[in-house]
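# Summary of the model geometry
This is what each chain is made of:
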Amino acid sequence: MTVNHHIEQFHGLPVFDFVQAVDAAAEAGGAVLPDLPEPTTVAWRIGLNYESEEAFTERWEQFLDTVDAERVAAVVIGPWFSEEPEGLGSALEAITGAAGRLPALRGLFVGDITYEESEISWLEMEDVTPLLTAFPRLTELVVRGGTGLRLEPVRHEALTALRFETGGLPVEVVRAVAGCDLPALRRLELWLGVDHYGGDAGVVDLAPFLDGTRFPALRHLGLQNSLLQDDIAAAVAHAPVVARLESLSLSMGALTDQGVTALLEGQPLTHLRTLDLHHHFLTEDVQQRLREALPEVGLVLSGAGKPDDRRRYVAVSE
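Right, let's walk through the structure included here. Keep in mind that this is a model prediction, so the values were computed, not measured.

What follows is about the overall build of the protein chain. Helix and strand counts for the protein chain come out as nine helices and 12 strands. Taking 318 residues into account, the globule formula puts the C-alpha radius of gyration at 20 Å, and the protein chain, at 20 Å, falls close to it. Along the three orthogonal principal directions, the C-alpha set of the protein chain runs to about 65 × 40 × 35 Å. In the protein chain, which comprises 318 residues, the proportion classed as buried is 52%. The long-range fraction of contacts in the protein chain, counting pairs at least 24 apart against all pairs at least 6 apart in sequence, stands at 75%. When the accessible surface of the protein chain is split by element, carbon and sulfur atoms take 48% of a total near 14000 Å². Looking at charge distribution, the protein chain has the averaged site of its 23 positive side-chain charges lying 9 Å from that of its 49 negative ones.

Here's what the structure looks like:
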């Protein structure tokens, strides 16, 4: 699996590509900008086209000057580079520098970039801590890409959803997330990835998310996209946090019968609304055991690999 399409919805809103709309109007010979949606009704996507000769900061300023920025609730950042992947620093500076012009911003997705535009492991990231400090009312943050990614532990009163999508999530970032004070956080998803692409966290590094002492509002936990999925499942099987979760995702990784057996022999999971295990290496017998043990739980078991495949792999790496 690769990330091969742009997101169509974010923060409960359809995504509207601002740059594409403006460029299409210009190519059609329009003397004025196209009719644009109401600012509150869409998540605004701003990103450079591959052959663009403009800087991201120019497009960002055009967006701020064109749309009623004070009413924008969600923003999706696409490619900040044109022909060659390059650092995110200037784009982040422009985004955080505009915080005063975006008082209603609640959702921010950084890195809506497909496989064709740049493989996820090639995305050169930066310290994303300023996104949290600049937007204290932000409720949802998604960051795609792990190379060079950094985060410092922070306190953020409003954040309810945090997701890192990577082919390799640095252990320093995992530990920084664990060190954050996020009293409102309800959803946490970590695509851990593989060591070859910087995913060097071990199960021990996930302990703060499992012992139930962090993030008192947490109701969904995703520990995903790892070759260590069996070991993670064994740890989750006895993790105190599970009792207060409404949904759990151990998907996208190298999960086998061993991991699911540990889950089924651990604490009850019947209270869960959803258990997402898609992209796995489970036998049909163990999948049936899950269905019989958890008849009221919404099981996601799509994307089955061959259980006897010695080369087990994660869904997203390079």
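Trp60, Phe63, Trp80, Phe164, Leu188, Phe209 and Leu221 are the most contacted members of the largest nonpolar core, which has 89 residues in total. The leading source of residues in this core is helix H5 (residues 171-179), at six residues. Not counting chain neighbours up to four residues away, the residues in contact with Phe63 comprise Phe18, Trp44, Ile46, Val72 and Val75. Ala43, Ala74, Val76 and Phe109 belong to the second-largest nonpolar core, a separate cluster that totals eight residues.

A separate point is the sheet that holds strand E4 (residues 74-77). The strand order E1-E2-E3-E4-E5-E6-E7-E8-E9-E10-E11-E12 describes an open sheet built from 12 strands, whose pairing is mixed. The open sheet has two free edges, formed respectively by strand E1 (9-10) and strand E12 (298-300), since each of these has just one partner strand. Across four bridges, the pairing between strand E3 (residues 43-46) and E4 is parallel. Bridging from a neighbouring strand, Ile46 pairs with Ile77 of E4. Relative to E3, helix H2 (residues 56-66) is tilted by about 150°, and along the sheet it contacts E3 and E4. Across the face of the sheet, helix H7 (residues 229-236) comes into contact with strand E8 (187-193), strand E9 (220-226) and strand E10 (247-249) while running at roughly 155° to E9.

For the pair helix H1 (residues 18-27) and H2, interaxial distance at closest approach is 11 Å and the crossing angle is 85°. As summarised for this structure, H1 and H2 are arranged roughly perpendicular, according to the angle between their axes. Facing Phe18, Val19, Val22 and Asp23 of H1, the residues of H2 in contact are Arg59, Gln62, Phe63 and Thr66. Considered class by class, the residues forming the contact of H1 with H2 number four nonpolar, two polar and two charged.

Right, let's talk about the pattern of salt bridges for a bit. Scanning the model with the defined rule gives 18 salt bridges in all. A salt bridge links Asp112 to Arg45; the nearest nitrogen and oxygen atoms lie 2.8 Å apart. Placement of the pair is Asp112 in the loop between strand E5 (107-110) and helix H4 (129-134) and Arg45 in strand E3, with a sequence separation of 67 residues. One exposure class covers both Asp112 and Arg45, and it is buried. Notably, a salt bridge pairs Asp181 with Arg155, separated by 2.3 Å at the nearest N-O pair. Taken together, the positions of Asp181 in the loop between H5 and E8 and Arg155 in the loop between strand E6 (140-144) and strand E7 (161-165) put the pair 26 residues apart, joining distant regions of the chain.

Right, let's talk about unusual backbone geometry for a bit. In this structure, Asn225 is a non-glycine residue whose phi angle is positive, near 65°. The backbone of His279 shows a phi angle near 65°, a positive value even though the residue is not glycine. Structurally, His279 can be placed in the loop between strand E11 (274-276) and helix H9 (284-293).

Criteria and thresholds
- Numbering of residues starts from 1 in each chain and follows the order in which that chain's sequence is written.
- Confidence filtering applies because this is a predicted model: local features only for residues at pLDDT of at least 70, side-chain atom pairs given and counted only at 80 or more, and all residues used for totals across whole chains, interfaces and linings.
- The side-chain numbers reported here are obtained from all heavy atoms of the structure, hydrogens and water having been left aside.
- To qualify as a helix, a DSSP run of H or I must reach at least 4 residues; to qualify as a strand, a run of E must reach at least 2; elements of each kind are numbered from the N terminus.
- Put simply, the radius of gyration uses C-alpha atoms, and a globule should come to 2.2 Å times the residue count raised to 0.38.
- We call a residue buried when its accessible area falls under 20% of the maximum for its residue type, exposed when it is over 50%, and partly exposed in between, using a 1.4 Å probe and counting protein chains only.
- Throughout, a residue-residue contact means that at least one pair of heavy atoms, one from each residue, lies within 4.5 Å.
- Here the Shrake-Rupley method, with its probe set to 1.4 Å, supplies the accessible areas, and only the displayed protein chains count as covering residues.
- When charges are counted, Lys and Arg are positive and Asp and Glu negative, with His and the chain ends excluded.
- For the purpose of locating charges, the reference atoms are NZ of Lys, CZ of Arg, CG of Asp and CD of Glu.
- Residue types Ala, Val, Leu, Ile, Met, Phe, Trp, Tyr and Cys, when buried and joined through side-chain atoms within 4.5 Å, form a set referred to as a nonpolar core.
- A pair of strands is treated as paired once DSSP finds two or more bridges between them.
- Only C-alpha atoms enter the line fits that serve as axes; for helices the fit covers just the stretch in contact. Angles between N-to-C directions range over 0 to 180 degrees.
- Roughly parallel here means an angle under 35 degrees, roughly antiparallel means over 145, roughly perpendicular means 65 to 115, and every remaining angle is called oblique.
- Side-chain classes are defined by residue name, with Ala, Val, Leu, Ile, Met, Phe, Trp, Tyr, Cys and Pro counting as nonpolar, Asp, Glu, Lys and Arg as charged, and the others, Gly among them, as polar.
- Salt bridges, as used here, are contacts in which a Lys or Arg side-chain nitrogen is within 4 Å of a carboxyl oxygen on Asp or Glu.

Shape is all these values report; function is a separate question.
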